[in-house]
Amino acid sequence: SLNPKDSKKIEVKFTAADDAQHDCKMGIHVDGIPENTEGRVSTSAEVQGETQAAFFAMANAVGNSNRDTFREYLLTAQSCTPGIETANVQTIFEEQFVARNLEDAIATAGRMDIIAFLEEDRIFSFGPVLVQGPSPDASTADAAKFRITNPKAIPCDVKLNIKPRGSGGGIGKDGL
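The model shown is predicted, which means the values in this text are computed figures rather than measured ones.

Here is what the cut-offs are and how they apply
- Residues numbered from 1 in each chain as written.
- Predicted model: local features only at pLDDT ≥ 70, side-chain atom pairs only at ≥ 80, totals over all residues.
- Heavy atoms only, no water.
- Helix = DSSP H or I, 4+ residues; strand = E, 2+ residues; numbered from the N terminus.
- Buried < 20%, exposed > 50% of the residue type's maximum accessible area, 1.4 Å probe, protein only.
- Contact = heavy atoms within 4.5 Å.
- Areas by Shrake-Rupley, 256 points an atom, 1.4 Å probe, with all protein chains shown as cover.
- Pairing = 2+ DSSP bridges.
- Axes fitted to C-alpha atoms, helices over the stretch in contact; angles between N-to-C directions.
- Core = buried A, V, L, I, M, F, W, Y, C linked by side-chain atoms within 4.5 Å.
- Phe/Tyr/Trp six-rings, centres within 6.5 Å; stacked < 30°, edge-to-face > 60°.
- Polar contact = N/O pair within 3.5 Å; in protein donor to acceptor, adjacent residues only side chain to side chain.
- Salt bridge = Lys/Arg side-chain N within 4 Å of Asp/Glu carboxyl O.

Draft legend 1. Seen up close, the overall build of the chain. A tally of helices and strands in the chain yields four helices and seven strands. Starting at the N terminus and walking to the C terminus, you meet the elements of the chain as β-β-β-α-α-β-α-β-α-β-β. A buried classification covers 16% of the 176 residues belonging to the chain. Within the chain, residue pairs in contact and separated by at least 24 positions form 52% of the contacts whose partners lie at least 6 positions apart. Accessible area for the chain stands at about 13400 Å²; split by element, carbon and sulfur atoms hold 53% of it.

What follows is the structure, encoded as structure tokens:
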């Protein structure tokens, strides 16, 4: 019940349960104002006895001239989990060759000095690299560029670690 010139706050809480888009309708009906629904007058007692589905069905049938008694609002929310694209190796290693294994990479390229991502082993191989020793000029070192993509609607923090093979830092065979 709302007295004249009073107001009440309505709190609607959204609890994210999965990574999806959610929509629901909220209807506000002013009790006691007769509505003309397809030529008949509904009393507030009839509205109170109806189910929620019938309530919204009645609201959808209300003519434009009687919209003063009922307001429908769409509540929408998108629940997200932070993350980066890790499944599409063609995107991550877009500037490099992607092969099933090193043998396939060498056979396809026709040479041993191939820079490639090897899907079976989940290894990125720089191939043979000339030993240069420490150099103040970083431009002389071989570099590879990878693309990390956030396909989600929220920002995420990404931390990259480079660890020696077998140190337990990786995800595949031999700790990589």
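Draft legend 2. Spotlight on unusual backbone geometry. At K5, a position not held by glycine, the phi torsion is positive, near 70°. Turning to its location among the elements, K5 is positioned in the segment before β1 (20–29). By relative accessible area, K5 is classed as exposed at 86%.

Draft legend 3. Representation of the sheet that holds strand β5 (residues 97–99). Judged by pairing direction, the sheet is mixed, and its three strands sit side by side in the order β5-β6-β7 without closing on themselves. Both outer strands of the open sheet, β5 and β7 (123–125), are each paired with one neighbouring strand and no more. Put simply, the sheet's adjacent strands are angled 25° from each other on average, direction ignored. Sheet topology places β5 next to strand β6 (residues 116–118); three bridges connect them, and they run parallel. Considered in β6, the bridge of A99 is made with L118.

Draft legend 4. Geometry of the nonpolar core. If you look at the biggest cluster of nonpolar residues, it comprises six residues: V89, I92, F93, V98, F117 and F124. Non-local contacts of F117, meaning those with residues more than four positions away in its chain, are made with V89, F93, F97, V98, A99, R122, I123 and F124.

Draft legend 5. Region of the structure containing the packing of aromatic side chains. Scanning all chains against the criterion turns up five aromatic pairs. Arranged with centres 5.1 Å apart and planes meeting at 80°, the rings of F93 and F146 form a pair that is edge-to-face. One end of the pair, F93, is in the loop between α3 (89–92) and β5; the other, F146, is in the segment after β7, with 53 residues separating them in the sequence. Residue F93 is classed as buried on the basis of its relative accessible area, which comes to 10%. By way of ring pairs, the aromatic residues F93, F117, F124, F126 and F146 are connected into one cluster.

Draft legend 6. Representation of the side chain of S125. Relative to the elements of secondary structure, S125 occurs in strand β7. A relative accessible area of 18% places S125 in the buried class. Looking at S125, its side chain comes within polar contact range of the main-chain nitrogen of G127, at 3.1 Å. Sequence-distant contacts of S125, that is, excluding residues within four places in its chain, are made with I114, I115, A116 and L118.

Draft legend 7. Summary view of the pattern of salt bridges. Overall, the coordinates contain six salt bridges when judged by the stated rule. K25 is the salt-bridge partner of E72, the closest N and O atoms lying 3.8 Å from each other. One end of the pair, E72, is in strand β4 (residues 70–79); the other, K25, is in strand β1, with 47 residues separating them in the sequence. E72 sits in the partly exposed class, given a relative accessible area of 33%. Each of the salt bridges in this network shares a partner with another, and the network as a whole consists of R100, D104 and E120.

Draft legend 8. Highlighting the environment of R147. You can see R147 is positioned in the segment after β7. Here R147 falls in the partly exposed class, since its relative accessible area comes to 40%. Each C-alpha atom of the pair R147 and T91 lies 6.6 Å from the other, and the pair is 56 residues apart in sequence. Setting aside its immediate chain neighbours within four residues, R147 contacts T91, I92 and E94. Engagement of the side chain of R147 in a polar contact is seen with the side chain of E94, the distance being 2.7 Å.

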